[in-house]
Amino acid sequence: TLAKSGLAEGDEVSEAEIADLRENSDTRRAKDKALTFLSLRAYGSAELYDKLCRSFDEHTAAAAVAEMARLGLLDDAAFARRRAVYLHGQRKSLWEIRQKLLALGLDRELVEDALAALPQDESGAIRGVIEKQYLSKLARGETEKVVAALARRGFSAREARAAVAEFLSDPETAGD
């Protein structure tokens, strides 16, 4: 920032010029920090803005986010789709995926578009969650607790009951 300003040793600088230099320096640092964040993983615009606001004022953070978008490094729609696919792979319910994407500050329309691209049948996800976390409860006959836990995770109670019943009726899994 100092080199770009063209100042040399011994130059007199007004308070306004100092304020300008400070603002330019902060903006440069915010852009550098945004690039560092984006080099580690993808971010949505709002999430990156929130993260930058921890270290910089709102104006500076917004300028850095705008520059990242101008450079094509931020694409909220693509981020929403990738994050939804990732969360789906983690066996999250569609409801839970929606909540997580909205919590990242993504626009509701982008979130709904990302969810529409996912399989709407959640039986595989429910089965995966049961296999990973609830086998011991099912073995103890605590089916209602399992159904309630699945419902808290955003799966419909009807789908959860059906998946638990199917799981218990399968001779290969009923004995596990």
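Nothing here was measured: the structure is a model prediction, and the numbers come from that model.

> For this particular structure, what's the right way to read the overall build of the protein chain?
When helices and strands are counted, the protein chain shows 11 helices and 0 strands. Counting helices and strands in the order they occur from the N terminus, the protein chain gives α-α-α-α-α-α-α-α-α-α-α. The long-range share in the protein chain, meaning contacts at least 24 apart out of those at least 6 apart in sequence, stands at 56%.

> How should I be thinking about the nonpolar core in this particular structure?
Buried together is how nonpolar side chains tend to be arranged in soluble globular proteins. In terms of nonpolar packing, the biggest core is built from 15 residues, with Ile130, Val146, Leu150 and Val164 touching the most fellow members. Of all the secondary-structure elements, those providing two or more residues to this core are helix H8 (123-139), helix H9 (143-152) and helix H10 (157-169). Per-element tally for this core: the top contributor is H8, with 6 residues. Beyond its immediate chain neighbours, meaning those up to four positions away, Val164 contacts Ile130, Leu138, Thr143, Val146, Val147 and Leu150.

Reading guide: rules and limits
- Residues numbered from 1 in each chain as written.
- Predicted model: local features only at pLDDT ≥ 70, side-chain atom pairs only at ≥ 80, totals over all residues.
- Heavy atoms only, no water.
- Helix = DSSP H or I, 4+ residues; strand = E, 2+ residues; numbered from the N terminus.
- Contact = heavy atoms within 4.5 Å.
- Core = buried A, V, L, I, M, F, W, Y, C linked by side-chain atoms within 4.5 Å.
- Buried < 20%, exposed > 50% of the residue type's maximum accessible area, 1.4 Å probe, protein only.

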